[in-house]
Amino acid sequence: MRFPNQRLAQLFDALQNETLPQDELARRFAVSTRTVRTDITALNALLAQHGAQFILNRGAGYQLKIEDAQRFQHLQQQTASPLRVPRRIVCAIY
């Protein structure tokens, strides 16, 4: 799956294997809790066609809920390549 931005890809990756509260996610990604909620909404829109969604469990945090294992497995095979973090390249022009 192609994510609209790197943060969504990283958020998806972080929440695949653990449940995390929005405060922790906000700290990890240096954004507000409102941005975390907006990003989760965006991820859920993307994941809807792949049989999964992130749900909020009060007191625990966001966790991945897989509703259609076969469709989600297909998504995982598509995103199996490691995430690439872009590096800033500085060029000096003389």
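It should be noted that the structure appears before, not after, this text.
Residues numbered from 1 in each chain as written. Predicted model: local features only at pLDDT ≥ 70, side-chain atom pairs only at ≥ 80, totals over all residues. Heavy atoms only, no water.

Colleague: Whenever I open this one, the overall build of the chain confuses me. Can you help?
Modeller: Check the secondary structure of the chain and you find four helices and two strands. Counting every position in the chain, which comprises 94 residues, the buried fraction comes to 29%. A fraction of 50% describes how many contacts in the chain between residues 6 or more apart in sequence connect residues 24 or more apart. In the structure as shown, the chain presents an accessible area of about 6,800 Å², 48% of it carried by carbon and sulfur atoms. (Helix = DSSP H or I, 4+ residues; strand = E, 2+ residues; numbered from the N terminus. Buried < 20%, exposed > 50% of the residue type's maximum accessible area, 1.4 Å probe, protein only. Contact = heavy atoms within 4.5 Å. Areas by Shrake-Rupley, 256 points an atom, 1.4 Å probe, with all protein chains shown as cover.)

Colleague: What am I meant to see in the pairing of strand S2 (residues 61-66) here?
Modeller: Note on strand geometry: in a regular strand, side chains alternate between the two faces of the sheet. The sheet contact formed by strand S1 (residues 52-57) and S2 spans six bridges and is antiparallel. Looking at S2, one finds that Gln53 is bridged to Lys65. Connecting S1 to the antiparallel partner S2 that follows it, the hairpin turn spans three residues, and Gly59 within it adopts a positive phi of roughly 85 degrees. (Pairing = 2+ DSSP bridges.)

Colleague: Before we go on, may I ask you to explain the pattern of salt bridges in this structure?
Modeller: When their charged atoms lie close together, side chains carrying opposite charge are able to pair. A full pass over the atoms with the stated rule returns five salt bridges. A salt bridge links Arg27 to Glu24; the nearest nitrogen and oxygen atoms lie 3.3 Å apart. Placement of the pair is Arg27 and Glu24 together in helix H2 (residues 22-29), with a separation of three residues, close to one helical turn. Classification of Arg27 as exposed rests on a relative accessible area of 61%. Here Asp68 makes a salt bridge to Arg71, at a shortest N to O gap of 3.0 Å. What makes Asp68 partly exposed here is its relative accessible area of 26%. On the basis of relative accessibility, which here comes to 39%, the residue Arg71 falls in the partly exposed class. Residues joined in a network through salt bridges with shared partners are Glu18, Glu24, Arg27 and Arg28. (Salt bridge = Lys/Arg side-chain N within 4 Å of Asp/Glu carboxyl O.)

Colleague: Just checking my understanding: could you explain the nonpolar core for this structure?
Modeller: Soluble globular proteins tend to bury their nonpolar side chains together. One finds Phe12, Leu15, Leu25 and Phe54 to be the most contacted residues of the largest nonpolar core, which totals 22 residues. For this core, the secondary-structure elements that each account for two or more residues are helix H1 (6-16), H2, helix H3 (33-47), S1, S2 and helix H4 (69-78). With six residues, H1 is the largest single contributor of residues to this core. Those residues in contact with Leu25 that lie beyond four places of it in its chain are Leu11, Leu15, Leu20, Val36 and Tyr62. (Core = buried A, V, L, I, M, F, W, Y, C linked by side-chain atoms within 4.5 Å.)

Colleague: Help me out: how do you make sense of the side chain of Asp39 in this one?
Modeller: Within the fold, Asp39 resides in helix H3. Excluding residues that lie within four positions of it along the chain, Asp39 makes contacts with Arg7, Leu8 and Leu11.

Colleague: Would you explain the packing of H2 against H3 in this entry?
Modeller: Any two packed helices are characterised by how steeply their axes cross, that is the angle between the axes, and by the distance between the axes. Interhelical geometry of H2 versus H3 gives an angle of 100 degrees and a closest axis separation of 8 Å. In terms of axis orientation, H2 runs roughly perpendicular to H3. Contact residues: Gln22, Asp23, Leu25 and Ala26 in H2; Thr33, Val36 and Arg37 in H3. Residue composition of the contact of H2 with H3, by class: three nonpolar, two polar and two charged. (Axes fitted to C-alpha atoms, helices over the stretch in contact; angles between N-to-C directions. Parallel < 35°, antiparallel > 145°, perpendicular 65-115°, else oblique. Nonpolar A, V, L, I, M, F, W, Y, C, P; charged D, E, K, R; others polar.)

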